[in-house]
2 protein chains.
Amino acid sequence: MPRSNNTILLSPEELSLRLSHVVRLMKDDSIDSALINDNANIYYLTGRIIDGYLLLNSRSSSMWAFVRRPSDLEGSTTFIIRKPEDIPAILDEHNIQLGEKIGLERDNSSWSTIHRLSKVFEDREICNIDHILMAARSVKTPAEIKLIANSGIRQTEVYRKIPSLYQPGMTDLDLQIEIERQLRLAGCLGQFRIAGDSMELFMANILVGDNADNPSPYDFAMGGHGAHPSLPVGADGTVIKRGHTVMVDANGNFTGYMTDMTRVFTLGEIPEMARRAHDCSRKICHTIAEIARPGVEAKYLYEKAIEIVRDENLEDYFMGHRQHAGFIGHGVGIQINEHPVIAPRSRDILREGNVIALEPKFVIPGTGAVGIENTYVVTADSPMQCLTTAPEEILSL
Amino acid sequence: MPRSNNTILLSPEELSLRLSHVVRLMKDDSIDSALINDNANIYYLTGRIIDGYLLLNSRSSSMWAFVRRPSDLEGSTTFIIRKPEDIPAILDEHNIQLGEKIGLERDNSSWSTIHRLSKVFEDREICNIDHILMAARSVKTPAEIKLIANSGIRQTEVYRKIPSLYQPGMTDLDLQIEIERQLRLAGCLGQFRIAGDSMELFMANILVGDNADNPSPYDFAMGGHGAHPSLPVGADGTVIKRGHTVMVDANGNFTGYMTDMTRVFTLGEIPEMARRAHDCSRKICHTIAEIARPGVEAKYLYEKAIEIVRDENLEDYFMGHRQHAGFIGHGVGIQINEHPVIAPRSRDILREGNVIALEPKFVIPGTGAVGIENTYVVTADSPMQCLTTAPEEILSL
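Residues numbered from 1 in each chain as written. Chains lettered and ligands numbered in written order. Predicted model: local features only at pLDDT ≥ 70, side-chain atom pairs only at ≥ 80, totals over all residues.

**Regarding the overall build of chain A**
Okay, step 1: Of regular secondary structure, chain A possesses nine helices and 19 strands.
Okay, step 2: Here the C-alpha atoms of chain A give a radius of gyration of 23 Å, agreeing with the 21 Å that 2.2 N^0.38 yields for 397 residues.
Okay, step 3: Dimensions along the principal axes, computed over C-alpha positions, put chain A at roughly 75 × 50 × 35 Å.
Okay, step 4: The proportion of buried residues among the 397 residues of chain A is 54%. (Helix = DSSP H or I, 4+ residues; strand = E, 2+ residues; numbered from the N terminus. Rg over C-alpha atoms; globule rule 2.2 N^0.38 Å. Buried ≥ 20, exposed ≤ 12 C-beta atoms within 10 Å, placed from the backbone.)

**Some remarks on the interface of chain A and chain B**
Okay, step 1: On the side of chain B, 51 residues touch chain A, which itself brings 50 residues to the contact.
Okay, step 2: Of all the elements in the fold, those that place two or more residues in the side of chain A that touches chain B are α2 (39–46), α4 (111–120) and α7 (172–185) of chain A.
Okay, step 3: No other element matches the five residues that α7(A) contributes to the side of chain A that touches chain B.
Okay, step 4: Residues belonging to the side of chain A that touches chain B are distributed by class as follows: 20 nonpolar, 16 polar and 14 charged. (Contact = placed C-beta atoms within 7 Å. Nonpolar A, V, L, I, M, F, W, Y, C, P; charged D, E, K, R; others polar.)

**Concerning helix α6 (residues 142–165) of chain A**
Okay, step 1: For α6(A), spanning 24 residues, the distance from its first C-alpha to its last is 35 Å, which sits close to the expected 34 Å at 1.5 Å a residue.
Okay, step 2: Along α6(A), the positions that sit buried rather than exposed are Glu144(A), Leu147(A), Ile148(A), Ser151(A), Gly152(A), Gln155(A), Val158(A), Tyr159(A) and Ile162(A). (Expected span 1.5 Å × (residues − 1).)

**Structural notes on the domain arrangement of chain A**
Think of interface size as the accessible area that goes away when the parts come together; that is how it is often given.
All names here are of chain A.
Okay, step 1: For chain A, the assigned domains read domain 1 (12–137) and domain 2 (139–396).
Okay, step 2: In this assembly, 11 residues from domain 1 lie in contact with 11 residues from domain 2.
Okay, step 3: A per-class count over the side of domain 1 that touches domain 2 returns seven nonpolar, one polar and three charged. (Domains from an automatic or database assignment.)

**Points about the relation of the copies chain A and chain B**
Okay, step 1: For the pair chain A and chain B, the relating rotation is 180°, the translation along its axis is 0.0 Å, and the fit reaches an RMSD of 0.0 Å. Both copies are brought into coincidence by an operation consistent with a two-fold rotation axis.
Okay, step 2: A share of 100% of interface residues in chain A that are also interface residues in chain B marks the association as one of identical surfaces. (Least-squares fit on C-alpha atoms with pLDDT ≥ 70 in both.)

**Here's the deal with the packing of α6(A) against α7(A)**
Residue and element names in this part refer to chain A.
Okay, step 1: Two numbers describe how α6 lies on α7: the axes approach to 10 Å, and their chain directions differ by 140°. Comparing the axis directions of α6 and α7 gives the class oblique. The two elements α6 and α7 cross, and the hand of that crossing is right-handed. Along its contact with α6, which presents Val-158, Lys-161, Ile-162 and Leu-165, the element α7 presents Leu-175, Glu-178, Ile-179, Gln-182 and Leu-183. (Axes fitted to C-alpha atoms, helices over the stretch in contact; angles between N-to-C directions. Parallel < 35°, antiparallel > 145°, perpendicular 65-115°, else oblique. Left-handed = near helix turned anticlockwise from the far one by under 90°.)

**Digging into the sheet that holds strand β7 (residues 204–208) of chain A**
All names here are of chain A.
Okay, step 1: What the four strands build is an open sheet, ordered β7-β8-β11-β19; its pairing is mixed. Bordering the open sheet on either side are β7 and β19 (395–396), each of which pairs with just one other strand.
Okay, step 2: Pairing geometry for strand β8 (residues 245–250) and strand β11 (residues 262–266), over five bridges, is antiparallel. The partner of Met-247 across the bridge, within β11, is Val-264.
Okay, step 3: Along the sheet face, α7 touches β7 and β8 and points at about 150° away from the line of β7. (Pairing = 2+ DSSP bridges.)

**What to know about the sheet that holds strand β8 (residues 245–250) of chain B**
Residue and element names in this part refer to chain B.
Okay, step 1: Taken in spatial order, the four strands line up as β7-β8-β11-β19 in an open sheet, and their pairing is mixed. A strand with exactly one partner marks an edge of an open sheet, and here the two such strands are β7 (204–208) and β19 (395–396).
Okay, step 2: Note that strand β11 (residues 262–266) and β19 share two bridges and pair parallel. Residue pairing for β19: Thr-266 is matched across the bridge by Ser-396.

**Some remarks on the pairing of strand β5 (residues 101–104) of chain B**
All names here are of chain B.
Okay, step 1: Here strand β1 (residues 33–36) runs beside β5; their pairing, made up of three bridges, is parallel. Paired with Leu-35 across the strands is Leu-104, a residue of β5.
Okay, step 2: For β5 and strand β6 (residues 125–128), the ladder comprises four bridges, and the chain directions are parallel. When the bridges of β6 are listed, Lys-101 appears paired with Glu-125.
Okay, step 3: Handedness of the β-α-β unit built from β5, helix α4 (residues 111–120) and β6 comes out right-handed. (Right-handed = clockwise from strand over helix to strand, strands pointing away.)

**Quick notes on the environment of Asn39(A)**
Okay, step 1: Here Asn39(A) lies in helix α2.
Okay, step 2: When the C-alpha atoms of Asn39(A) and Asp51(A) are compared, they prove to be 8.2 Å apart, with 12 residues separating the residues in sequence.
Okay, step 3: Leave out the neighbours within four places in its chain, and Asn39(A) touches Ile49(A), Ser198(B) and Glu200(B).

**Digging into the environment of Ile334(A)**
All names here are of chain A.
Okay, step 1: Relative to the assigned elements, Ile-334 resides in the loop between β12 (329–331) and β13 (338–342).
Okay, step 2: When the C-alpha atoms of Ile-334 and Thr-259 are compared, they prove to be 9.5 Å apart, with 75 residues separating the residues in sequence.
Okay, step 3: Beyond its immediate sequence surroundings of up to four residues, Ile-334 is in contact with Ala-40, Tyr-43, Tyr-44, Arg-137, Arg-193, Gly-256 and Tyr-257.

**A word on the confidence of the model for chain A**
Okay, step 1: Across chain A, pLDDT averages 95, with 98% of residues at or above 70.
Okay, step 2: The ipTM value of the predicted complex is 0.96, and its pTM value is 0.97. (pLDDT = per-residue confidence, 0-100.)

**Considerations on α7(A)**
Okay, step 1: Its 14 residues place the ends of α7(A) 20 Å apart at the C-alpha level, agreeing with the 20 Å of an ideal helix rising 1.5 Å per residue.
Okay, step 2: Inspection of α7(A) places Asp172(A), Leu175(A), Gln176(A), Ile177(A), Ile179(A), Glu180(A), Leu183(A) and Arg184(A) among the buried residues, and these make up the whole buried set.
Okay, step 3: Of the surrounding elements, those touching the buried residues of α7(A) are α6, β7 and β8 of chain A together with α7 (172–185) of chain B.

**Some thoughts on the packing of helix α1 (residues 12–28) of chain B against helix α5 (residues 130–138) of chain B**
Residues and elements named next belong to chain B.
Okay, step 1: Where α1 meets α5, the closest approach of the two axes is 9 Å, and the angle between their N-to-C directions is 135°. The angle between α1 and α5 falls in the class oblique. Between α1 and α5 lies a crossing of right-handed hand. Note on element contacts: α5 touches α1 through Ile-132, Leu-133, Ala-135 and Ala-136, opposite His-21, Val-22, Leu-25 and Met-26.
Okay, step 2: Looking at the contact of α1 with α5 residue by residue, the classes come out as seven nonpolar, one polar and no charged.

Structural data, given as structure tokens:
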């Protein structure tokens, strides 16, 4: 029989917890109401994707849903609409007070969408709400951390299989296709949500040998030439040969929440410097995992990483060789590029419940990319907890 | 060795042809210049993805590139910048005249991006340019049609293998994973570009039995419950059983340009009505392919389809049963939802070089989805040419 899950899918307690994160930040900025339309934000606040709008009021800590599709969504605070212009009459009818200052998703919604919504609420003061949603979403609830941890366990199981997937003569793309299949068989959803419009990736960034040093237009930590000029990142058809490294950074979305993990594999021997750089990456991760506590500045973690890299005289190779990425870590959750950002000019301060992917990587010319990436949870008073536990050593294919 | 394709990748003739499409439409609207930032539009005008901006001037039919990454992009009309605020000084230095009216991508770029760019050009009149890029891109050049045709040939080869991929006991997801692998092995890029922010899909929409009738929040022709509430469309783990149809609508992006094709498979017998609806879909495609010529209104094609459906008394099942889609076809190219749109209120008029996916589909309760989808080119004076040539009959798995 056709199925219909025609309500909000979060438990009342979980919805209330997430809503309280957002409402507290709205109150700090004196924002009375917010209209939410972005899929990632809607998923955060409902546990599902709807075509429509969520209306949040900070004074009453309430949320209403104005839904175009699915048109059978139910609930006492759910209203079926055809277009956003239908909203004001419904508000009047149900005596819902918005207040004066209304936040819209100015960073995520198109100019045309915001222009249209601003007209719907033209007698109010309009401001941005995206930074508040990003800040709220950067502090994960225990239920969200469970979902991320579950993705980590399943992603780790697939990573353990990678050496068995290699066959002599394979290109990076051949290996990637087999990894993609194993990820999908293990329940990976495939979808890879990225905030903003400019970054694109399909399933994995797999870098073999010197392809790791090909710059990409996208703002990922690593580049790669890509298989086609329409998607210039990652694997490019390089045959995997002895003496090259194979860096695997593949999709960890098994639960609507992602983990981000990178591991390195190789055929035969690689130069001592490449091994030293790989160990340096592990040392950076372990050091940062120890010192990253609530209240620590994100930029301090970046500085600490650079300090370790300088001690090893590896600056020239850190975060790329021809082109260097400007960050070594990022929040991760519903999207791959959440807060906090671990970068030199980051203004983020760590909080309990942040989930951070650390990826201090190196590109060694003639060999390829080395280093690891792990996803960690910031805890109240212990070292960060690692959610991606595949072996960190460079493994032989 | 690391590679660098550090120029625009279109031939001068092809660039000139595409630019002339855009410039003609800009002149019609008295738009002097346009600043382009969207990946799909940048790919159309350069044959590659860059992080930066293209500046088009309609008076001189010229284009300049302002590029952040890759930072080694070369060419006499290419300038490396850090931020859009760097552009005016470069324009002054090179005596580049913009004119008064400047188009920005107001439908595709975020409000915050447009706000920032509007400040950079604050002494000019700002207008929207997205409808012009969409209109220009809807009329494909011969080179673009070759790329789309090439995708069609490769997608067709994979579709021919589908019956051999089925194993007894498979779910829709199991079959989808094997189809994904074959697509990737045949060179499918995976990436599935969709205009706008609200629609999401991973690789394929595969619908088995009554899952075809589960509504989705996304604006695709068909729905499906999906494997997870974070991506509610398509396959949901239904085991493929006798008497059900298996509708396969899978990614046809092999060249940066996509074809869109749907075929139906089955195990054992299906009701006569389902076969009749499938034949009706084929009849609609063939009839429309005959009558779709330059100058024909897109909405007339929709009306013709409805007429054929009514003659067969199949209205209740057309384009869904519980929830009906409001269109039967769409342009396709760099993105899956281009112009013209074949819908009752479409204002599009067909032009030579349009590439249109027609997908008149039916959902038969208890059986599943039937019907075909083909991608066609509108030619000057012949029937539309079909680019997706897998057998149209319902094939046994």
